[in-house]
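# Per-entry structural report
What follows is each chain in one-letter form.
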Amino acid sequence: MPLALAAAARCAAAPALPARVDIRAASVALYPFTAGTTLIDARGGVEVRAGGRTLVADQVRYDLMTNRLVASGHVRLTFAGERASLEGAACALDLARGTTVYERLDPLPAVLRFAGDDPGSAVEAPASAGVFALADLRAAGYYVRGRHARIAPNANVRFTPAIFPTGAFPPVQAPTYLYTFARTNFSQNALPAASFDQPYPLFGTENSLASGHLRYDPVNAASLAFDERLVQGNTAYASAAWIPLRGQQADLDAFSQLRRGLTQTFAGYYLYGPLHETYGAYALQWTSPSTRTIFNASQADASNHASLTVSSIDHYVRPLATYRLQLTYAYDHEPATLPFDNVFSLAASGYAATRSLRLPLGVTSSLRYDFSLQEFDFPHQLASDTWTLSLSKAANRDLSFYGTAAIEQVADRYRDDAAKYLDLPDPSLPYFAPDGTPFPGIFAYAGSSTLRTYFLQSTWRPHQGENSVQLFLTATRDFPQFHGYGRDPLFATLDVTQRLGSTLRVDLARSYGFGWNRQYLSQWSLSLSP
Amino acid sequence: MNNPVRLVFALLGAVALALGTGALQFPSSALQAATPVPYRSAFETPPPLSATATPSPSGRVVRYSGQLLDFQKGFVFFTTGDGFRISPDAKIDDAAGGPTTLKPQTRVYARAAFDTGNGAIVELALSTKPLPNEASYQEIQRFAVTLSTEAPNPELAPREGFSGRDVLVTFTVQVPPRTPFTDTVYLATDISGWSATAIRMDRIDALHYKITQTFKSGTKFLYRYTRGSWQSAERGQNGLEVPPRQFLVRNSDTQNVDNVVYHWGDEQSNAPDLGNSVPTPYQPIPFKTPPHR
């Protein structure tokens, strides 16, 4: 009981961090990851407002990770209501613990320490080592600077204006910038994939973040997007996104852990542009030490889908292979589709893959086998199996190759007497492809097809550094291949990555798809990263 | 107590003793702006130095270097927390003894020459870089008017000293066997705004990707692996969401990081991916993808 009382007393005495800390100075600069922490360095007529305290000094260092600040040079600390004011040479303020250590000048120099906003309780005591230490920032480059920094402790700091260094080029200035340092899992967002996505944080707290995005994707080209993320530890998040101009759509993703091993997720989007579509999917997953059980329900416009999947975990058979087996029972409802609106199916699937095996001549290899067998509640069976062989070799320290050959066999079979039950079209009357040529359809090859894919990647990375040139080649050989429809026989991409400075890396790629009938496509993709 | 004079003296003596030991305190409400704060003395403050301190060293000279916190009212304060009296006509110069344009102010590095005779600083050499020490702290500690301790502040978590040097960090990740063989794996970090395509990795074989990046030592960040979008981000061994990984760049020439990704977020139910390429009686046009224009 006394312990509980003592703990309660400590809790009651623990000072609350101020909701915000404002630093104004001739220069307020951010030094992330300096001296093992993230620092704000303010110099030149610095004024700090933190809760009821106002601090004036020649220089202030603020540690964003520990919420400690050190002010030095002509320091004056004033408390709310001007009821007390301290002047001295330096002041170390620990906002998290509410303690203040300052170097007094008058009447005699002394180091005093007190708690809270009560300097009357000050006790003279030697300064502990490191209380006034200033990390050496001479070799460190600032990330952004301004004249005003508004800190939300443990969450973010907003710089106004925001001036970004660009190395040899003139600095770039923005009206404001929000730097988020909360160790919160803000990773997940609901935006669809893009070849370039540069977020720009707008507003935030310790558990929420709103950002604007400058994006590029080959379909919509350059576009803007906004997203809001709400996070509760690692147990729940919700993310909403909006692409207002090109590729108009709204997305929502949510996740929560109901209890250990049991989670639920929701993912949905609404396309309201030229393409109009609504989609939502809910999944409930339970994980035991040996199996995963997933219930999935989704709706896309008027179509519904529900499935229950039981999967083994990945089993490792020492020393060579890994395998997994899976069973799925599914229901699909698609109004006004052939042959039935409502379809039930049962599917068994799995894979087995070897580890990376070392072969002679420095070649590394692995082999994978995938299979799937799906039986419908009408006379229809869909089976596929795929063999994938991968080889890789480092020619020397700078040049490496990786190649893959994959062969997929598909059997999409209808029972011999299916025509009688399903009212299938007459196989003697061929369909016609859009270009007017006869299309023999499934009857010509009894539903069997073969898809072959050959992929080669070569990477040249001088001195194992950050700059690289990569060439990707993909060739496909399929049977049947119908009148120019289908995968491009050859697809090539050249990718160049170059570091331009300590804060900027550019990745530029050019892709070509060589299709049938001399058709081809080309596209650029660009990526910037720190 | 029959002598009233002795009683009065005894009472005065008791009050003086109480004030001297701090047993009596002024009420905090008595504090006014710019009023010196009363305090209890926890250690004996060194007596003020004689006003006759002279720049001509009256004793041996010892030199001690540090970084300045402040220079005010005849006192010099170092970032150690120690304060020293400076002689009124002390010489202020650069490290080589020549004239300097630097001013003794916060963040400037200084080497103070102490006259061991009176404990005052008689010369202050200024620099923008740290200066080598010529005396131990113990030698000049006795001159301090405000003392520090060598004991670390218990409120400061112990931190590794980071030099900020460039460190080559190599990330190697083992991916699930079913990772599509033409896909790219990216390293997404909080320091790049959690862009899902922040750092592209090289595929080195069927199951491994690798990238080498340069970071400053002391850099601390969160990261996750993706295949280009957050719908295809990594999942844990049980297929569930996982918190981001943490990484701290230490002082070393190189660092290697080996990770394993067990699942991707967009893993489907192992249904065959036919690429819309298999024609059926119900889909006479075999390919949904329109021809290239």
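Reading the values: rules and limits
- Residues numbered from 1 in each chain as written.
- Chains lettered and ligands numbered in written order.
- Predicted model: local features only at pLDDT ≥ 70, side-chain atom pairs only at ≥ 80, totals over all residues.
- Pairing = 2+ DSSP bridges.
- Helix = DSSP H or I, 4+ residues; strand = E, 2+ residues; numbered from the N terminus.
- pLDDT = per-residue confidence, 0-100.
- Contact = placed C-beta atoms within 7 Å.
- Buried ≥ 20, exposed ≤ 12 C-beta atoms within 10 Å, placed from the backbone.
- Axes fitted to C-alpha atoms, helices over the stretch in contact; angles between N-to-C directions.
- Core = buried A, V, L, I, M, F, W, Y, C linked by C-beta atoms within 7 Å.

All names here are of chain A. Looking at chain direction, strand β18 (residues 236-243) and strand β19 (residues 249-259) are connected through eight bridges and run antiparallel. What sits directly across from Y237, in β19, is F255. Here β18 folds back onto β19 in antiparallel fashion, the turn holding five residues, of which G247 has a positive phi close to 65°. Here β19 runs beside strand β20 (residues 262-272); their pairing, made up of ten bridges, is antiparallel. In the strand pairing of β20, R259 is matched with L262.

Confidence in the prediction for chain A averages 84 pLDDT; 87% of positions are at 70 or higher. Note on residues 1-13 of chain A: pLDDT under 50 across the span, and zero contacts to partners over four residues away in sequence or across chains.

We now examine the environment of Y414(A). Residues and elements named next belong to chain A. Locating Y414 in the fold gives a position in strand β30 (residues 399-414). For Y414, a count of 23 C-beta atoms within 10 Å corresponds to the buried category. Y414 sits 48 residues away from S366 along the chain, and the two C-alpha atoms are 35 Å apart. Beyond its immediate sequence surroundings of up to four residues, Y414 is in contact with P379, H380 and G447.

Moving on, we come to the sheet that holds strand β8 (residues 166-174) of chain B. Where strands meet in a sheet, backbone hydrogen bonds hold them as pairs that are either parallel or antiparallel. Residue and element names in this part refer to chain B. Strand order in the open sheet formed by four strands is β11-β12-β8-β16, and the pairing between neighbours is mixed. The sheet is open, and its two borders are formed by β11 (202-205) and β16 (254-260), each paired with just one other strand. Across the sheet, the mean angle separating the axes of adjacent strands is 30° when strand polarity is ignored. Pairing geometry for β8 and strand β12 (residues 208-216), over nine bridges, is antiparallel. Bridge assignment links V173 to a residue of β12, and that residue is Y209.

Attention now goes to the pairing of strand β14 (residues 177-180) of chain A. Residue and element names in this part refer to chain A. Of the two faces of β14, the one lined by Y177 and Y179 and the one lined by L178 and T180 are each fully buried. Note that strand β11 (residues 156-160) and β14 share four bridges and pair antiparallel. Paired with V157 across the bridge in β14 is Y179.

Residues and elements named next belong to chain A. Within the fold, L508 resides in strand β36 (residues 504-514). A count of 14 C-beta atoms within 10 Å places L508 in the partly exposed class. In this structure, the C-alpha to C-alpha distance between L508 and D301, residues 207 residues apart in sequence, is 38 Å.

In this structure, I23(A), I40(A), A90(A) and I121(B) are the most contacted members of the largest nonpolar core, which totals 80 residues. Residue contributions to this core peak at seven residues, all from strand β1 (residues 21-34) of chain A. Look past the residues within four positions of I23(A) in its chain and what remains in contact with it is V28(A), I40(A), A42(A), V46(A), V48(A), V60(A), Y62(A) and A149(A). In this structure, A406(A), V185(B), I199(B) and V249(B) belong to the second largest nonpolar core, which totals 34 residues.

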